[in-house]
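Coordinate inspection notes
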Amino acid sequence: MSLKQYVTLGRSGLRVSPLALGTMTFGTEWGWGSEPAVARQVFDRYVDQGGNFLDTADAYTNGKSEELVGQFIDERGLRERVVLATKFTFNADPSNPNAGGNGRKNICRALEGSLRRLKTDYVDLYWMHVWDRITPVEEVMYTLNDLVRDGRIRHYGFSDVPAWYVARAQTLAEKEGKERLIALQLEYSLAERNIEREHIPVAQELGMGLCPWSPLAGGFLSGKYRQEGQTGKGDGRLDEGKHAQLFNRFTEHNWRVLDALVDVAKQLNKTPAQVALNWVATQPGVTATIVGASNVSQLQDNLSAIEFTIPAELRTRLDEASAIEVLHPYTFFGPAIQNRVMGENPVRAWTPAFPEQTPSPAASAKKPKANAAEK
């Protein structure tokens, strides 16, 4: 796989790279991140290697990320070549309750600000950043539908939402002839696999691409942390109080995952980060994995993570070490109960298959073997 092996995002015609460039680190307004000159180098390296999917948000580095992304795109004349995604939801003025959330008033306010900072008159993908728990789903989807019809956004998707909310929105859109969601953006990694229960199935069933964020679990899976008692130490943001409260990576389960990951990486002569990224990017249902980088060297390591294959036996070890607990009602969907449902004869679900995409056994047998120069 490479950055130039593009894939359509969900049930749409939008072509994106299998790795998206996350730009949350563009700017230092949060007390960490990249200076503009370094951010530009990261941006240039990504697009020069064929990457076309850029992910930002109005809240990232207090708007500076959008400003830098817009500046870099404009200076290189790349607007029509890149797929530009940004987000709304977070409050821009704590004294104003309508300056945040997912209501129509804030969506329109947020988009106007994003378009100004990004130096463009439309965005290709507009994400709802997080569920606000109070805005009716109808208001959200009708507003986004209107923005698509107006040409100010091309497509929309949801990030960090319950699966039932996604299902309701997509079903209403289908029933009422509105523009549909094309993607979900959710946390997914060897250390966080909970979306496998509901979100990945709903995305597959209802035609949405999956764009995982934090595939390295905030840097935990890079291998730069070590266990110390009930916590961990290392060179990264996971040691910071606020980040640690939101995302507790230092658990017994995650240390076991990390041990398996480090061992597999050694056997493959890759870094733990590359193996962890590869695992996410090649999981069923995943379309484009969001990667960030604080410098060009780190970005290059991340981009090369999709250029190899994890052998089946080593992948199985990662799967088993990181497996999530089977909880109710999912216990009813496993072999013990399903065998009683299906009876003695095997039954499989129908799935779409196309002859031109699936070579027949006979055709595969006739395929000439690669010579040494082609290997």
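Residues numbered from 1 in each chain as written. Predicted model: local features only at pLDDT ≥ 70, side-chain atom pairs only at ≥ 80, totals over all residues. Heavy atoms only, no water.

Moving on, we get to helix H12 (residues 335–342). Counting buried residues in H12 gives 0 out of 8 residues, a small share hidden from the surface. Downstream of H12 by a residue or two, Gly343 has a phi angle that is positive, lying close to 85 degrees. (Buried < 20%, exposed > 50% of the residue type's maximum accessible area, 1.4 Å probe, protein only. Helix = DSSP H or I, 4+ residues; strand = E, 2+ residues; numbered from the N terminus.)

Quick look at the packing of aromatic side chains now. The full count for this structure, using the stated rule, is 16 aromatic pairs. Plain terms: the ring middles of Phe43 and Phe72 are 5.5 Å apart, the flat faces sit at 50 degrees to each other, and that makes the pair tilted. One end of the pair, Phe43, is in helix H1 (residues 36–48); the other, Phe72, is in helix H2 (residues 64–76), and 29 residues separate them in sequence. Of the residues examined, Phe43 reaches a relative accessible area of 0% and is grouped as buried. With 5.6 Å between their ring centres and 50 degrees between their planes, Tyr188 and Trp279 make a pair best called tilted. Residue Tyr188 is found in the loop between strand E8 (183–187) and helix H6 (199–206), and its partner Trp279 is found in helix H9 (residues 272–281); the two are separated by 91 residues along the sequence. The class of Tyr188 is buried, set by a relative accessible area of 1%. (Phe/Tyr/Trp six-rings, centres within 6.5 Å; stacked < 30°, edge-to-face > 60°.)

Another aspect to go through is the environment of Leu210. Mapped onto the elements of the fold, Leu210 is located in strand E9 (residues 209–213). Under the relative-accessibility criterion, Leu210 is labelled buried at 0%. When the C-alpha atoms of Leu210 and Thr287 are compared, they prove to be 5.3 Å apart, with 77 residues separating the residues in sequence. Beyond its immediate chain neighbours, meaning those up to four positions away, Leu210 contacts Leu184, Leu186, Ile195, Ile200, Gly285, Val286, Thr287 and Ala288. (Contact = heavy atoms within 4.5 Å.)

Looking now at the nonpolar core. Counting residues in hydrophobic clusters, the biggest one holds 101 residues, and the most contacted among them are Phe53, Leu144, Phe158 and Leu184. Residues in contact with Leu184, not counting those within four places in the same chain, are Trp127, Phe158, Val166, His199, Val202, Ala203, Met208, Gly209, Leu210 and Cys211. (Core = buried A, V, L, I, M, F, W, Y, C linked by side-chain atoms within 4.5 Å.)

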